[in-house]
Each structure stands twice: as C-alpha cells, then as structure tokens.
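Report on the structure
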Amino acid sequence: MNAKLDALDQKILAELTRNARIPVAELARKVGLSKTPVALRIKHLEEIGLITGYRAILSPLKLGLTHVTYVEVSMNDTREAALQQFNAAVRAIPEIEECYMIAGGFDYLIKVRSRDMADFRRIMAERISGLPHISNTSSYVSMEAVVEQTFTFG
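Described below are features of the structure shown in this document.

Conventions adopted
Residues numbered from 1 in each chain as written. Predicted model: local features only at pLDDT ≥ 70, side-chain atom pairs only at ≥ 80, totals over all residues. Heavy atoms only, no water. Phe/Tyr/Trp six-rings, centres within 6.5 Å; stacked < 30°, edge-to-face > 60°. Helix = DSSP H or I, 4+ residues; strand = E, 2+ residues; numbered from the N terminus. Core = buried A, V, L, I, M, F, W, Y, C linked by side-chain atoms within 4.5 Å. Buried < 20%, exposed > 50% of the residue type's maximum accessible area, 1.4 Å probe, protein only. Contact = heavy atoms within 4.5 Å. Salt bridge = Lys/Arg side-chain N within 4 Å of Asp/Glu carboxyl O.

Turning our attention to the packing of aromatic side chains. For the structure shown, the criterion picks out one aromatic pair. Each ring, one from Phe86 and one from Tyr108, has its centre 4.3 Å from the other, and the planes form 40°; the classification is tilted. Of this pair, Phe86 sits in helix H4 (residues 80–91) while Tyr108 is found in strand E3 (residues 108–114), placing the two residues 22 residues apart along the sequence.

What follows is the structure, encoded as structure tokens:
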C-alpha cells in the first residue's frame, strides 16, 4: 500500500467500507476519537485519493440481472492505439460489469451481467462482437456466485 495509514485511519476505512453513510459522530465513537479529528482524517483520505467516492451498491438479482458470463477476448492488434480503442469502446457497454487486461493466453477478461442466455446472446451479437480489434472470444457461463463482494478494508 502506497499510503501510510495509522491504526485510526485503518479503523475509519474499515467502518466506511462497511457503511459509508455512517454519521461522523457514530464513526468517531467507534474509532475512539471526537468528530472533528475524524472528519479531518476523512477529508485527508479523500484529498490523497485513497477514498475516491461514495456510491450505492445495487442488487443485480433484484434488478433481474441473474445471468453472469465471463468472456475471454483475444485481440488481433495489441499495439497501444488498438488497446486504447478497445478500452474506450468496452467502457461504453453498460452490461459489462468488469473488464481486465490479462497477461496470459488471451488479452482481456470481461464479466457480463444479463437477464438470461437470450439477453447475453443479444449483448454478444450487438455489442461485444463489434468491439474493435477482436480476433476471437470464448464465453463461460457462471452457475453460482460463491463469493461476490466489493472491496472492503480490514
């Protein structure tokens, strides 16, 4: 970790990753400080870019997005300009939940959320197959989420 965090900063981050809406007074009580120093520490953690934002975490299941497919993508051009074009295009597809550049037997791994197999097939045909510089893809359908969570501290 690049940022030097003391034990209090670590406690603050652990509490905020569990509940970002926690009132500062309650957070201060939990970490053993008063409100002002806790608020200043949070502000500092935001300023140094360790805390990059706050958001609501939605339930994909409640939204009807129960189908998860991982797609391996191999590129026909891996020069920087081609990779940047692919990266920009993949960010514009809302059904792509995650995308990672991979060192290995293929170039990217994409996580796609959809309603069902027919919806995934539509997304593949209309969106993913049209991404620039793709030479081939392989898809893997998830049967069950064993561990699925956002990153938490501590």
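Having seen it, we continue.
Moving on to the nonpolar core. Grouped together as the largest cluster of nonpolar side chains are 17 residues, with contacts concentrated most on Val73, Phe86, Ile110, Val112 and Ile128. Those elements that place two or more of their residues in this core are strand E1 (67–75), H4, E3 and helix H5 (117–126). What Ile110 contacts, discounting residues up to four positions off in sequence, is Thr69, Tyr70, Val71, Val73, Phe86, Val90, Ile96, Glu98 and Cys99.

Considering all chains together, one arrives at 15 salt bridges under this definition. When the shortest N-O distance is used, the salt bridge between Glu15 and Arg18 registers 3.2 Å. With Glu15 and Arg18 both in helix H1 (residues 7–18) and three residues apart, the pair spans about one turn of that helix. Linking Asp119 and Arg122 is a salt bridge whose minimum nitrogen-to-oxygen distance equals 2.9 Å. With Asp119 and Arg122 both in helix H5 and three residues apart, this pair spans about one turn of that helix. Residue class for Asp119 comes out buried when judged on its relative accessible area of 5%.

Purely geometric stuff here, so don't read any function into it on its own.
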